[in-house]
Amino acid sequence: MIIQRFIQKPILSVCLCLLLLLFGLMAYKQLPSRHFPLLPAYEISVTTVFPGASAQVMEAFVTRPIQRILSGLDGLDYISANDSAGESDIVLSFFIGTDLDALLAQVNSRMNSILWQLPEGVHSPNIVKIDPNSAATSGIVFISSTSETLSQETITEYLRNIAIPALQEVAGVYEVTLLGGREYAMRIWLEPHKMAAKGVGATDIVSALQDYNLRSTAGRVNSEWITLEVSANTNISSVDDFDNIVIRNNGGHFVRIKDVGYSQFASVDYTQGAIYDGSPAVIMAVSSSDKANAIETADDVISLLPLLQKKAPEGLKIELNWNVTAFSQAVVDEVYKAFIEAIVCVFVVICLFMGSLRAISIPLVTVPFSILGAATGMFFMGYSLNSLTLLAWVLAIGLVVDDAIILVENTHRHIMQGMTPYNAAIKSASELRTAIMTITLCIAIVFVPIAFVPGYTSALFTEFALTMSFVVIISGLLALFVSPAMCSQLLRMKDNEGRFTLYSEHIFKHLRVQYRRMLRVILTMPWLVGLIFIGLMFGGVKLYDKIPTDLMQLENTGAINTLGLGPDNANYEYLQKYSQPLTDIYQSIPEGRVWGMFNGVPAFGGATNSMSFILLKPEFLSQEDRILAEVQEKVSELGGLQAFSFKLNTVPGGEQQPLSFVLTTTGSYEALSYQVDRLITALDNYPGIVSQSSTFRFDNPLLQLDIKRDKAAELGVSVASINDTLNIFLGKPVAAFFELEGYSYQVIPQVPRGLRMGFDNIQNMYVRTGSGEMISLDNLVRVKETVTPQSLEQFNQMRSATITASIGNGYTMGQAVDFLENYVAEHIPASYSYGFTSQARDFLRSGEQLSIAFSFALMLIYILLVMHFNSFVDPFIVMLSVPLAVVGALYMMYLTDTSLNIYTRMGLIMLVGLTSKNGILIVDFANKKRLEGKSVRQAIIDGAAIRLRPVLMTATAMVFGALPLVV
């Protein structure tokens, strides 16, 4: 046989190990490092802009037609939509694993077929895939830029034109986003009274700005020998140039911009800002591409900061704000540490059981070569070194030595019976080769269903599952081809064994005798064994319902975030005023290292939201929950803002707040608002759900303009002219662009803020009638005050409201979901329905997905055992240990107050393979004893006794190999 050839020629085993070493090291060096495996994109965003339209108009004329045309797409899980003034945001969420590239073509095709139904003036929809891997932090590195002398506009100018292009050249950088920045623009401040006196309408301003600032190339002229480019100087760029733009020619008298207002090179807007450690700042968020090594990319970005500082204007300080990957690197480092500790633990276990350093070296040599072999498989599969694949390596340490331990122990047994190491190795390999192959396949195949079960859990844990399979399969091959050769060369004859080895053998010989006696007694009382089995199973079923369920626990990252929600009509000045007390709160936290704040930044909710954070000193990382509770207690007392603090969520695809509940109705938004208010009140009294908030608030003040259409028609004023005038005066339209020193800037006409304070100023806004006269808008419209939601939400084409929240300390996701479901059943009318999104939706499905994977694993192992034993009965005997192992795990989870989450469910699946392995060894040897003519009872006793040491050794090695993960 091939195995015997490897024993006869040990050099073949050496060559096999060298090949694994060579390819493994090459693969390992090229594997990217990240915190979690990459999730495939499963969401498509469709954003449509309709300037000037209200949220109600967007819902009726834009969002609903688009939702109807997109609702039948293959693999679609649900559609969510949000309508605000002038913008419709639709998110199509598909089942994970759906081919989004193919669906993008379908979405584009369907959108093209409906564009003609959308109102005139709607911009072309922007259709993009949403990257789930950047949702958690939106960046790998945050860089702050502060100055006591430079304006935010000047800082932004340097970052936009110099720093960002330099950062984008770093390998692996996908995007650099400015937070709290203010870009320069040419602001044209208009004075309505002067415009009316000069007979200038708002549309005249836009037309003049576009006519006098063209971007064009005139062409070429040719002579006999040369060609000359001709360029017309149509671009203007200075404030004087814009002030002198001619708007109208009144009989030879020019009306210019400076006659009806003035130009200013200023900011695009004044509605957002950032603070870093108490100073105004502009912050760059650097995100990495999907395939990049995020940790290496972050290091390269940080190494570039001294060069950016050197090029920066005098007075500008550029420094690292937050390296998000430092936490990822720390996680990876901790797993590497656990990896080394696990090897040491397994070494000690084998040493105690075998009593021989020579014997120890045989199973231990399988560890590095199995890992390196798995690294080769990971490389070809496109996997990465992350917390889950490294976790697989750690757990695999106790597994990879199993097969080698079994073979070494059996060879050692034959040597102790008088055989030479060479003959003992051949006999042992012959006896165990089918059992080792079956055991290896049982342990490896138990993880395979995880990769094929659709859903979030599969997408997140596929790399973990297949990495475990790679490691176990390689270890099985090493046990079959390398370990026998090493046994023949390293193990000694009985007379040459050391004192400790003989002592260990004596102990296990005595233990084996006692074990035989106990088995003889137990086998005379099968009824007692049956009662104990039934009792344990009954208790396990009862216990299962008492164990809290969760998706996964959030890790301590050293970052605490605080979201402050202002009123729906809050502006930047409001946020600045009422978020100021957060400065004192953060400065009062002695464990804090740095802190920052973003007011009105679109990435964090826009004009009415304040997002802030505090980073803890590394030595206080373990106290994050306590510090979070302190911060939450203080921010809950803030006036003017609804504020709550929460941990940073690093799980890919997860929102910052894990609980997202959607209440839907076919009724009115007013009725929905009433139910939402009742639910939030109930949540205030339930400690399992904290920091709850809803984006749906029916209290946004609205000034509704009703156009006097008859009077407008009588005066020759079109509705479009009224709308354009309002948009130019009150909105912020980009009328044109201009070039300055190689960069383009916006040109924005608008009424100064002082003339937009209150709608009484409508009388100062004029529109031209059909006769050419200017008339105030207050003659053409009626104004009434009302309230409306700031945005309108839909979920699966039904009107909806979303409530997001965090889980209270000591509670789990399962308990929070149960509370919401019970509340809806008892207090919400039957005409309403509900759903969950984000991590709560993944949680509800994860249990079902892993149950399917667990069932598939059981069936696969049963089929494999039927093939091994050539019997349909023997596999049942082997697998009877599986439910007992699961029950034992449930009891331990209950005693240690551990939740049933993705990780613990994965452990239960692992138990299927581990417990089956021990049963295979015993039943296999018992069958061989039966073939030798022994009775069933004696064969059972002999088989169990012979396999006692390897069973205890492999089980203990597995336990102690995983111990560093929990210590």
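Scroll up to find the structure.
This write-up is about the structure you can find in this document. (Residues numbered from 1 in each chain as written. Predicted model: local features only at pLDDT ≥ 70, side-chain atom pairs only at ≥ 80, totals over all residues. Heavy atoms only, no water.)

Take the overall build of the protein chain next. Scanning the protein chain for helices and strands turns up 33 helices and 30 strands. For the protein chain, the C-alpha atoms occupy an extent of roughly 125 × 80 × 55 Å along the three principal directions. Classification of the 967 residues of the protein chain by burial places 52% in the buried group. Of the contacts made within the protein chain by residues no fewer than 6 positions apart, 80% connect residues no fewer than 24 positions apart. As displayed, the protein chain offers around 42,900 Å² of accessible surface, 58% of which is attributable to carbon and sulfur atoms. Separation of charge centres in the protein chain, based on 66 positive and 84 negative side chains, amounts to 12 Å. (Helix = DSSP H or I, 4+ residues; strand = E, 2+ residues; numbered from the N terminus. Buried < 20%, exposed > 50% of the residue type's maximum accessible area, 1.4 Å probe, protein only. Contact = heavy atoms within 4.5 Å. Areas by Shrake-Rupley, 256 points an atom, 1.4 Å probe, with all protein chains shown as cover. Lys, Arg positive; Asp, Glu negative; His and termini not counted. Charge placed at Lys NZ, Arg CZ, Asp CG, Glu CD.)

Glancing now at the nonpolar core. Proteins that are soluble and globular tend to have nonpolar side chains buried together. Counting residues in hydrophobic clusters, the biggest one holds 145 residues, and the most contacted among them are Trp393, Phe447, Phe464, Met468 and Leu659. Looking at this core, the element that brings in the most residues is helix 14 (residues 387-416), giving 17 residues. Look past the residues within four positions of Phe464 in its chain and what remains in contact with it is Leu388, Thr389, Leu391, Ala392, Leu395, Phe447, Met906 and Met910. Among the nonpolar cores identified, the runner-up in size contains 37 residues, and Ala735, Val751, Met765 and Ile775 belong to it. (Core = buried A, V, L, I, M, F, W, Y, C linked by side-chain atoms within 4.5 Å.)

Most of strand 1 (residues 43-49) sits inside the fold, with 6 of its 7 residues counted as buried. Where strand 1 meets strand 4 (residues 126-130), 5 bridges bridge the pair, whose relative direction is antiparallel. Within the sheet, the bridge partner assigned to Glu43 lies in strand 4 and is Ile130. (Pairing = 2+ DSSP bridges.)

Our next topic: the packing of helix 13 (residues 366-381) against helix 17 (residues 456-481). At a minimum axis distance of 8 Å, the contact between helix 13 and helix 17 shows a crossing angle of 135°. Put simply, helix 13 runs oblique to helix 17. Once helix 13 is placed against helix 17, the crossing between them reads as right-handed. The segment helix 13 lies against helix 17, with Thr366, Phe369, Ser370, Ile371, Gly373, Ala374, Gly377, Met378 and Met381 engaging Leu466, Thr467, Phe470, Val471, Ile474, Ser475 and Leu478. (Axes fitted to C-alpha atoms, helices over the stretch in contact; angles between N-to-C directions. Parallel < 35°, antiparallel > 145°, perpendicular 65-115°, else oblique. Left-handed = near helix turned anticlockwise from the far one by under 90°.)

Let us look at unusual backbone geometry. One non-glycine residue, Ser838, lies in positive phi territory at about 60°. Looking at Ser838, the relative accessible area reads 13%, which means it is buried.

What follows covers a nonpolar patch on the surface. Together, Trp527, Leu528, Leu531, Ile532, Leu536, Leu884 and Tyr891 make up an exposed nonpolar region whose accessible area comes to about 640 Å². Among the secondary structure elements, those contributing two or more residues to the nonpolar patch are helix 20 (526-546) and helix 30 (881-895). The dominant element in the nonpolar patch, judged by the number of residues it contributes, is helix 20, at 5 residues. For Leu531, the position within the fold is in helix 20. (Patch = residues over 30% accessible without salt bridge, like charges linked within 9 Å, V, L, I, M, F, W, Y side chains within 5 Å. Salt bridge = Lys/Arg side-chain N within 4 Å of Asp/Glu carboxyl O.)

For helix 24 (residues 669-684), built from 16 residues, the straight-helix expectation of 22 Å at 1.5 Å per residue is met to within 8% by its first-to-last C-alpha distance of 22 Å. Residues of helix 24 that are buried include every one of Tyr669, Leu672, Ser673, Gln675, Val676, Leu679, Ile680, Ala682 and Leu683, and no others. Where helix 24 is buried, its residues touch helix 3 (55-70), strand 20 (659-665), strand 21 (689-694), strand 28 (792-795), strand 29 (798-807) and helix 27 (813-827). (Expected span 1.5 Å × (residues − 1).)

Their axes nearest at 9 Å, the elements helix 15 (residues 421-445) and helix 31 (residues 902-931) cross at an angle of 160°. Between helix 15 and helix 31, the angle is such that the two are roughly antiparallel. The element helix 15 and its partner helix 31 pack so that their crossing is right-handed. Contact with helix 15, carried on its side by Glu431, Leu432, Ala435, Thr438, Ile439, Cys442 and Ile443, involves Gly913, Lys917, Ile920, Leu921, Asp924, Phe925 and Lys928 of helix 31 and no other residues of that element. A class-by-class count of the residues in the contact of helix 15 with helix 31 yields 8 nonpolar, 2 polar and 4 charged. (Nonpolar A, V, L, I, M, F, W, Y, C, P; charged D, E, K, R; others polar.)

Evaluated as defined, the whole model comprises 0 disulfides. Cys17 supplies the cysteine sulfur nearest to Cys487, a cysteine that is in no disulfide, at a spacing of 13 Å. (Disulfide = S-S within 2.5 Å.)

Before going further, it helps to examine the pattern of salt bridges. Using the criterion set out here, one finds 15 salt bridges in the structure. Measuring nitrogen to oxygen at the nearest pair gives 3.6 Å for the salt bridge that ties Glu191 to Lys194. A salt bridge links Lys934 to Asp942; its shortest N-O distance comes to 2.5 Å. The class of Lys934 is partly exposed, set by a relative accessible area of 30%. Here the salt bridges share partners, and the residues they tie into one network are Glu59, Arg64 and Arg799.

This next bit is on helix 5 (residues 152-168). A maximum bend of about 40° is found in helix 5 at Leu159. Within helix 5, the full set of buried residues consists of Gln152, Glu153, Ile155, Thr156, Glu157, Tyr158, Leu159, Asn161, Ala163, Ile164 and Leu167. (Bend = angle between axes of the 7 residues up to and from the residue.)

Overall, mixed pairing links the 4 strands, which are arranged 12-7-24-23 in an open sheet. Each having just a single partner strand, strand 12 (261-267) and strand 23 (736-740) make up the two edges of the open sheet. Neighbouring strand axes in the sheet, compared pairwise and without regard to direction, differ in orientation by 30° on average. In terms of strand pairing, strand 7 (residues 184-190) meets strand 24 (residues 743-750) through 5 bridges, oriented parallel.

Next up on the list: the environment of Leu316. Take Leu316: it is sitting in strand 15 (residues 316-323). C-alpha of Leu316 to C-alpha of Val14: the two residues are 302 residues apart in sequence and 61 Å apart in space. Each residue touching Leu316, except ones within four places of it in the same chain, is listed here: Ser145, Thr146, Ser147, Leu150, Ile155, Tyr158 and Gln309.

In this structure, Ala735 sits in the loop between helix 26 (719-730) and strand 23. Sequence separation of Ala735 and Leu390 is 345 residues, and the distance between their C-alpha atoms is 55 Å.

Another point: the side chain of Ser88. Following the sequence through the fold, Ser88 ends up in strand 3 (residues 87-94). Within the structure, Ser88 has its side chain in polar contact with the side chain of Thr63 (distance 2.7 Å). (Polar contact = N/O pair within 3.5 Å; in protein donor to acceptor, adjacent residues only side chain to side chain.)

A few words on the environment of Arg160. Within the element layout of this structure, Arg160 appears in helix 5. Residue classification places Arg160 among the partly exposed residues on the basis of a relative accessible area of 24%. In this structure, the C-alpha to C-alpha distance between Arg160 and Ser800, residues 640 residues apart in sequence, is 39 Å. If we ignore the near neighbours within four places in the chain, the residues touching Arg160 are Pro165, Glu183, Tyr743, Ser744 and Tyr745.

That is the geometry; function is a separate question.
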